[in-house]
Amino acid sequence: MLKIENLTATVGEDDETKEIIKGLTLEVPAGEVHAIMGPNGAGKSTMSYVLTGRDGYEVTGGSATLNGDHILDMEPEERAAAGLFLSFQYPVEIPGVPVMTFVRTAMNSQRKLRGEEEISAADFLKKSRAVAAKLKLTPEMLKRPVNVGFSGGEKKRLEIFQMMMLEPGFLILDETDSGLDIDALRIVSDGVNELRSPDRGMLVITHYQRLLDHIQPDKVHVLANGKIIATGGPELALRLEKEGYDGVLSEAA
Amino acid sequence: MAALKDLFPNPNAAELELAGLYAGLKANPQRERNFEAFAQTGLPHTRVEAWKYSDLRNAVQILPEAGIEPEMTSASAFASADATVIEIGAGVPKLPKGMRVASEENLTALGGAEDLPVAALGAALARAGQSLLIEVTQSPEKPVHLVFDTASANAFQRVSFVVRKGVQFSVLESHIRSGGFSSIVLEYSVEAGASLERFIYQKADTSAVQVATCIIHLADDTSLSQAGIGFGAKLARMETQVYHHGENAKASINGAYLVGDGYHLDQTSLVRHAQPYCETEQLVKGAVMDGGRAVFQGKFFVAKKAQKTAAQMAHNALILENGGEVNAKPELEIYADDVECAHGNTVGALDETALFYMRQRGIPETQARALLTRAFIGEALDDMPEALGEILMEEAGAWLTERL
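Details of the overall build of chain B
Consideration 1: A count of helices and strands for chain B gives nine helices and 19 strands.
Consideration 2: Its C-alpha atoms give chain B a radius of gyration of 21 Å, near enough to 22 Å, the size a compact globule of 404 residues would have.
Consideration 3: The principal-axis extent of the C-alpha atoms belonging to chain B is close to 70 × 45 × 40 Å.
Consideration 4: Pairs at least 24 residues apart make up 85% of the contacts formed inside chain B by residues separated by at least 6 positions.

Quick word on the interface of chain A and chain B
Consideration 1: Taken residue by residue, the interface counts 20 residues in chain A and 19 residues in chain B.
Consideration 2: The set of elements that each furnish at least two residues to the side of chain A that touches chain B consists of helix H2 (76-81), strand S7 (94-98) and helix H3 (99-113) of chain A.
Consideration 3: No other element matches the five residues that H3 of chain A contributes to the side of chain A that touches chain B.
Consideration 4: Of the residues in the side of chain A that touches chain B, the class split is eleven nonpolar, six polar and three charged.

Side note on helix H4 (residues 121-134) of chain A
Residues and elements named next belong to chain A.
Consideration 1: Over its 14 residues, H4 runs 20 Å from end to end, which matches the ideal 20 Å to within 8%, given 1.5 Å per residue.
Consideration 2: Turning to H4, its buried residues are Ser128, Val131 and Ala132. With its buried residues spanning 100° around the axis, H4 presents them on a single face. In this structure, H4 carries Ala122, Asp123, Lys126, Arg129, Ala130 and Ala133 as exposed residues pointing more than 90 degrees from its buried face.
Consideration 3: Close packing links the buried residues of H4 with H3, helix H5 (139-143) and helix H6 (152-166).
Consideration 4: Immediately downstream of H4, the backbone of Lys136 shows phi near 55°, a positive value.

Digging into the sheet that holds strand S12 (residues 227-232) of chain A
All names here are of chain A.
Consideration 1: The mixed open sheet is built from six strands, whose spatial order is S6-S9-S10-S3-S11-S12. The two strands at the open ends of the sheet, each matched to only one other strand, are strand S6 (84-87) and S12. In this sheet, adjacent strand axes meet at a mean angle of 20° when their direction is disregarded.
Consideration 2: Alignment of strand S11 (residues 219-224) against S12, held across five bridges, turns out to be antiparallel. Bridge pairing in S12 places Leu223 opposite Ile228.

Some thoughts on the nonpolar core
Consideration 1: Membership of the largest hydrophobic core comes to 199 residues, with the highest contact counts inside it found for Ala120 and Ile216 of chain B.
Consideration 2: Discounting residues that sit within four places of it in the chain, Ile216 of chain B has contacts with Tyr188, Val190, Leu196, Leu224, Gln241, Val242 and Tyr243 of chain B.

Some words on the confidence of the model for chain B
Consideration 1: Looking at chain B as a whole, the pLDDT averages 93, with 96% of positions reaching at least 70.
Consideration 2: Both scores are given for the predicted complex: the pTM is 0.92, the ipTM 0.96.

Observations concerning the confidence of the model for chain A
Consideration 1: In the predicted model, chain A carries a mean pLDDT of 92, and 99% of its residues have values of at least 70.
Consideration 2: Mean pLDDT across the elements of chain A bottoms out in helix H10 (residues 245-252) of chain A (77) and peaks in H2 of chain A (97).

So, helix H6 (residues 117-125) of chain B
All names here are of chain B.
Consideration 1: In terms of burial, H6 is largely enclosed, as nine of its nine residues are buried.
Consideration 2: Among the residues of H6, those classed as buried are Pro117, Val118, Ala119, Ala120, Leu121, Gly122, Ala123, Ala124 and Leu125.
Consideration 3: Against helix H2 (13-23), helix H3 (29-41), helix H4 (56-59), strand S5 (154-163), strand S7 (181-190) and strand S9 (209-218) lie the buried residues of H6.

Some remarks on the packing of H3 of chain A against H6 of chain A
All names here are of chain A.
Consideration 1: For the pair H3 and H6, the least separation of the axes is 10 Å and the interaxial angle reads 35°. The chirality of how H3 crosses H6 is right-handed. Seen from H3, the contacting residues are Val99, Val103, Ala106, Met107 and Gln110; seen from H6, they are Leu158, Gln162, Met165 and Leu166.
Consideration 2: Its residues assigned to classes, the contact of H3 with H6 shows seven nonpolar, two polar and no charged.

Scoring rules and cut-offs
- Per-chain numbering applies: the sequence of each chain, read as written, is numbered from 1 onward.
- Naming scheme: in the order in which they are written, chains are lettered from A and ligands are numbered from 1.
- pLDDT decides what is reported in this predicted model: residues at 70 or higher carry local features, side-chain atom pairs at 80 or more are listed and counted, and totals for whole chains, interfaces and linings draw on all residues regardless.
- Working definition: helices are DSSP H or I runs of at least four residues, strands are E runs of at least two. Numbering for both runs from the N terminus.
- C-alpha atoms define the radius of gyration in this analysis, and the globule rule sets the expected value at 2.2 Å times the number of residues to the power 0.38.
- What counts as a contact is two residues whose backbone-derived C-beta atoms lie within 7 Å of each other.
- Following the grouping adopted for this structure description, the nonpolar residues are Ala, Val, Leu, Ile, Met, Phe, Trp, Tyr, Cys and Pro, the charged ones are Asp, Glu, Lys and Arg, and the polar ones are all others, Gly among them.
- Each residue after the first adds 1.5 Å to the expected span of a helix.
- Note on burial: count the other C-beta atoms lying within 10 Å of the residue's C-beta; 20 or more is buried, 12 or fewer is exposed, in between is partly exposed, and C-beta positions come from the backbone.
- It is the directions from the helix axis to the C-beta atoms whose arc is reported.
- Strand pairing is assigned whenever DSSP identifies at least 2 bridges connecting the two strands.
- Under this scheme, a helix contributes an axis fitted over its contacting stretch, all axes are lines through C-alpha atoms, and angles between N-to-C directions fall in the 0 to 180 degree range.
- Residues enter a nonpolar core if they are buried, belong to Ala, Val, Leu, Ile, Met, Phe, Trp, Tyr or Cys, and are joined to the set through C-beta atoms within 7 Å.
- Each residue carries a pLDDT score, the predictor's confidence in it, ranging from 0 to 100.
- Here a crossing is taken to be left-handed if its near helix is turned anticlockwise relative to the far helix by less than a right angle, and right-handed if that turn runs clockwise.

In structure tokens, the structure reads:
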């Protein structure tokens, strides 16, 4: 499904250019959930931005494919239409654009890019009501501008709402647990778990074991200094929680 | 006439032609007073403080000949609104119930004419039937849609409304020009307890030079709600002056603009608080493209007597492309000591983070930019009646989609 090979990438321009991703190799097959853990500054968020095509990040080597398609040559919206979805660590406010307008525009844009028919207003409404109910989002919230005035937990629930509406083929969850209390964490993880399916892959980026209690990964990777230095099963996350990153880091060195 | 010509320090060809037009009209003292007020300044240029960003003299070197494009003349977005159309300049208009023409040749001298030279010119050159005094004695059933002369090469028109006590008056104004030079003067005298809604649509081509000046007098317990959208012209200046003459009057004067390559739009306003307990809110939001220039000049003047004035001014502009230009001059001049007045001004670019977020969700970049810009300027139209606001927002959306 998602295959990253020997990826290198820099951030910044001219004299400020800094290599953050330094030969990253990773494969997430369809149907699996992989976790990426790592210390601050390891390149976790950078990796998610490089994969989704944010400006300011330059790929200097290696490749990334989603279902065999080279995504690094695509525009961000084309990557989205190809099925890549990034749940932002800090979801962005879009003043003046109501949630429903935003999600419907996104859905129809993706469909158009894929050469599919637009969703009818009635079908969209029906689907959004069902998804909102699951996530305990009120109709009033869906009329408000995207993320404007939302609490941290509401913003994350809105990310899950978008995921469940857009049904992307591959999800990257960037620190989805940050800023969540226990109840919100449960709602968010239930949403993510509901999206697990044999034809969908997920990459869960997190600092803490806590999220992985709710979203059980098939594999855990440790990202440090721009590359994967260790890979294991869920027990690796438990070990990191107990020993910290130092043990794994020193073994790798 | 020679004496008047001498008033121009260095007349350009256009000013001489304007003096010629004046000489051809029936003389009377008020018309003379208006023309003299114009002649003191002539066509204003950048060394005239109030026109420092809009060089009218340079834009009108000779009186242009209009090249009328038929599609321009019927292009008002308000054409689809449920309103009674009144064409100004097509003879004495038929008016709906509650309104009557009090005079077909309103020749009063314009108040403060020396400070409004181009409006004074418009008032001086407006002929009979082009200069109307209209009394509004009952609230009309529907909004009135004013359509100004689009067919003449050069248009000078003046419409003065007296909105009688307690009347609710809602006006849509379509300022549409294709080529030519125009000065339109509007006056609204809003009597005690009456209310005025004024919604404006301005669109022209890059050969038109267009000035519209509106002077609004507010008595006790009145309200003014103004909003609209402008797209500019070779040079367009939409000027509004609001006078709080009474107590407890509320004015909101909002506006949105979108200025493309080759266009210039100047939105200038002056609000004078002469009496206590009045409120003014102003929100102007717009966006410019490469080669476009937007001017915002806003001034609140609060007299010593005007205690408890609450007045807020905000202008926020987006520069959508390198090369777009925005000149902003917000001013407060306050002589009262117990007031709440503030102004804010920002000029910036679209939020790159928001753009990326939208693109990550599958919205192509141009569409994302259009959506963000539309939402940004739309805030200035939020207080409009929904149906009218939507008409303008759709127009803005189409404009953005076409250009981004």
